[in-house]
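Observations on the three-dimensional arrangement
Residues per chain, in single letters:
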Amino acid sequence: MKKYSSIPGRGLNTENAAKDRVEYLKNIGINIPLIADSRLDTEVIRYNVESYVGSIELPVGLAGGLLFNDNDTQEYTFAPIGTLEGALVASINRGAKAVSKSGGFNAIVIHQKMIRSPMFIFKNLKECSIFKNWVNQHFSEIKKVAESYSNHADLQTIDIVIASRSVSLKFIFTTGDASGQNMTTSCTWHAVLWIREHFVAEMNIEP
């Protein structure tokens with residue numbers, strides 16, 4: 001495996017640190033002059049992006065290197081991440097380092113989905129079974145409520161898992177071009193509130 005090389009100044013969001021990162025990419029044959037030609041104030045975006053290198057109307061952080069294996073060839077790949085979500089690029093970089101130092105990756109795309117899995121706890125297994133059947137019968141209503149809190153989230157299905165006195169509802173969404181972590185959390189939370197209110201009213205069972 002090739003030696004892992006860290007991006008310069010990961011913890012710094014200053015103009016000098018950004019220039020160092022752009023120069024680092026240039027030295028390994030990756031030129032980003034249009035991205036680097038940014039008028040954003042690094043002080044303003046300090047808590048919105050990590051490893052800042054420029055902008056495309058949004059602050060862009062540098063994610064990588066991520067070691068990609070293509071048959072007998074290995075290559076460190078990098079990705080500019082346009083985001084206003086603090087800690088996102090830092091999280092990606094930690095994962096990229098762990099994957100790279102573990103030998104890299106190869107992959108195929110099977111599906112795109114975002115899952116949220118709230119749990120309801122009941123007094124006994126019978127109540128769990130009643131709740132499972134109720135949720136299945138009211139899926140179309142739950143879907144309508146969940147999707148009303150986003151323009152992009154599409155609730156595909158709810159997989160239901162009973163374990164002892166608990167019931168986990170796996171809300172499975174597609175989220176368009178977005179990662180969808182915040183939107184699916186919001187959609188699921190409002191669906192959970194709706195489920196609890198209507199289940200208790202109809203079945204007189206309190207989770």
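Residues numbered from 1 in each chain as written. Predicted model: local features only at pLDDT ≥ 70, side-chain atom pairs only at ≥ 80, totals over all residues. Heavy atoms only, no water.

**A word on the overall build of the protein chain**
Across its full length, the protein chain carries six helices and seven strands. For 207 residues, the compact-globule estimate of 2.2 N^0.38 gives 17 Å, and the protein chain exceeds it by more than 25% at 23 Å. Projecting the C-alpha coordinates of the protein chain onto the three principal axes gives extents of approximately 65 × 40 × 25 Å. Residues counted as buried form 35% of the 207 residues belonging to the protein chain. Considering only residue pairs separated by 6 or more positions, the protein chain has 58% of its internal contacts joining residues 24 or more positions apart. Total accessible area computed for the protein chain in this model is approximately 12500 Å², and 52% of it derives from carbon and sulfur atoms. Positive and negative side-chain charges of the protein chain, numbering 21 and 21 respectively, have mean locations separated by a distance of 7 Å. (Helix = DSSP H or I, 4+ residues; strand = E, 2+ residues; numbered from the N terminus. Rg over C-alpha atoms; globule rule 2.2 N^0.38 Å. Buried < 20%, exposed > 50% of the residue type's maximum accessible area, 1.4 Å probe, protein only. Contact = heavy atoms within 4.5 Å. Areas by Shrake-Rupley, 256 points an atom, 1.4 Å probe, with all protein chains shown as cover. Lys, Arg positive; Asp, Glu negative; His and termini not counted. Charge placed at Lys NZ, Arg CZ, Asp CG, Glu CD.)

**Structural notes on the pattern of salt bridges**
Throughout the structure, instances matching the rule amount to four salt bridges. The partner of E43 in a salt bridge is R46, and the shortest N-O contact between them spans 2.4 Å. Since its relative accessible area comes to 28%, R46 is described here as partly exposed. Measuring nitrogen to oxygen at the nearest pair gives 2.8 Å for the salt bridge that ties K143 to D154. Residue K143 is located in helix α5 (residues 139-147), and its partner D154 is located in strand β6 (residues 154-163); the two are separated by 11 residues in the primary sequence. Looking at K143, the relative accessible area reads 23%, which means it is partly exposed. The class of D154 is partly exposed, set by a relative accessible area of 29%. Connected via shared salt-bridge partners are K143, E147 and D154. (Salt bridge = Lys/Arg side-chain N within 4 Å of Asp/Glu carboxyl O.)

**Structural notes on the sheet that holds strand β2 (residues 59-70)**
Taken together, three strands build an open sheet; the order of strands is β1-β2-β3 and the sheet is antiparallel. The sheet is open, and its two edges are formed by β1 (52-55) and β3 (73-82), each paired on a single side. The sheet shows a mean angle of 45° between the axes of neighbouring strands, taken without regard to direction. Judged from the three bridges that link them, β1 and β2 form a sheet pairing that is antiparallel. (Pairing = 2+ DSSP bridges. Axes fitted to C-alpha atoms, helices over the stretch in contact; angles between N-to-C directions.)

**Notes on the packing of aromatic side chains**
Centre-to-centre distance and the angle between the planes together describe a pair of aromatic rings. In the structure shown here, the tally under the stated rule is 10 aromatic pairs. Ring centres of Y4 and Y76 lie 6.0 Å apart, and the angle between their planes is 80°; this geometry places the pair in the edge-to-face category. Remark: Y76 occurs in strand β3 and Y4 occurs in the segment before α1 (15-27); sequence separation between them is 72 residues. When the centroid spacing of 5.3 Å and the interplanar angle of 55° are considered together, the rings of F68 and F105 count as tilted. You can see F68 sitting in strand β2 and its partner F105 sitting in the loop between α3 (88-101) and β4 (114-116), a full 37 residues away along the chain. With relative accessibility at 26%, the residue F68 sits in the partly exposed group. Following the ring pairs from residue to residue traces out a cluster consisting of F120, F122, F131, W134, W194 and F199. (Phe/Tyr/Trp six-rings, centres within 6.5 Å; stacked < 30°, edge-to-face > 60°.)

**Comments concerning unusual backbone geometry**
In this structure, the amide linkage connecting G64 to the following residue, G65, adopts the cis form with an omega of -5°. Mapped onto the elements of the fold, G65 is located in strand β2. Positive phi values are uncommon outside glycine, yet N71 reaches one of about 60°. Relative to the assigned elements, N71 resides in the loop between β2 and β3. Using a relative accessible area of 76% as the deciding quantity, one classes N71 as exposed.

**Structural notes on the environment of E43**
Within the fold, E43 resides in the loop between α2 (33-36) and β1. C-alpha of E43 to C-alpha of T14: the two residues are 29 residues apart in sequence and 7.5 Å apart in space. At 2.4 Å, the side chain of E43 and the side chain of R46 are in polar contact. (Polar contact = N/O pair within 3.5 Å; in protein donor to acceptor, adjacent residues only side chain to side chain.)

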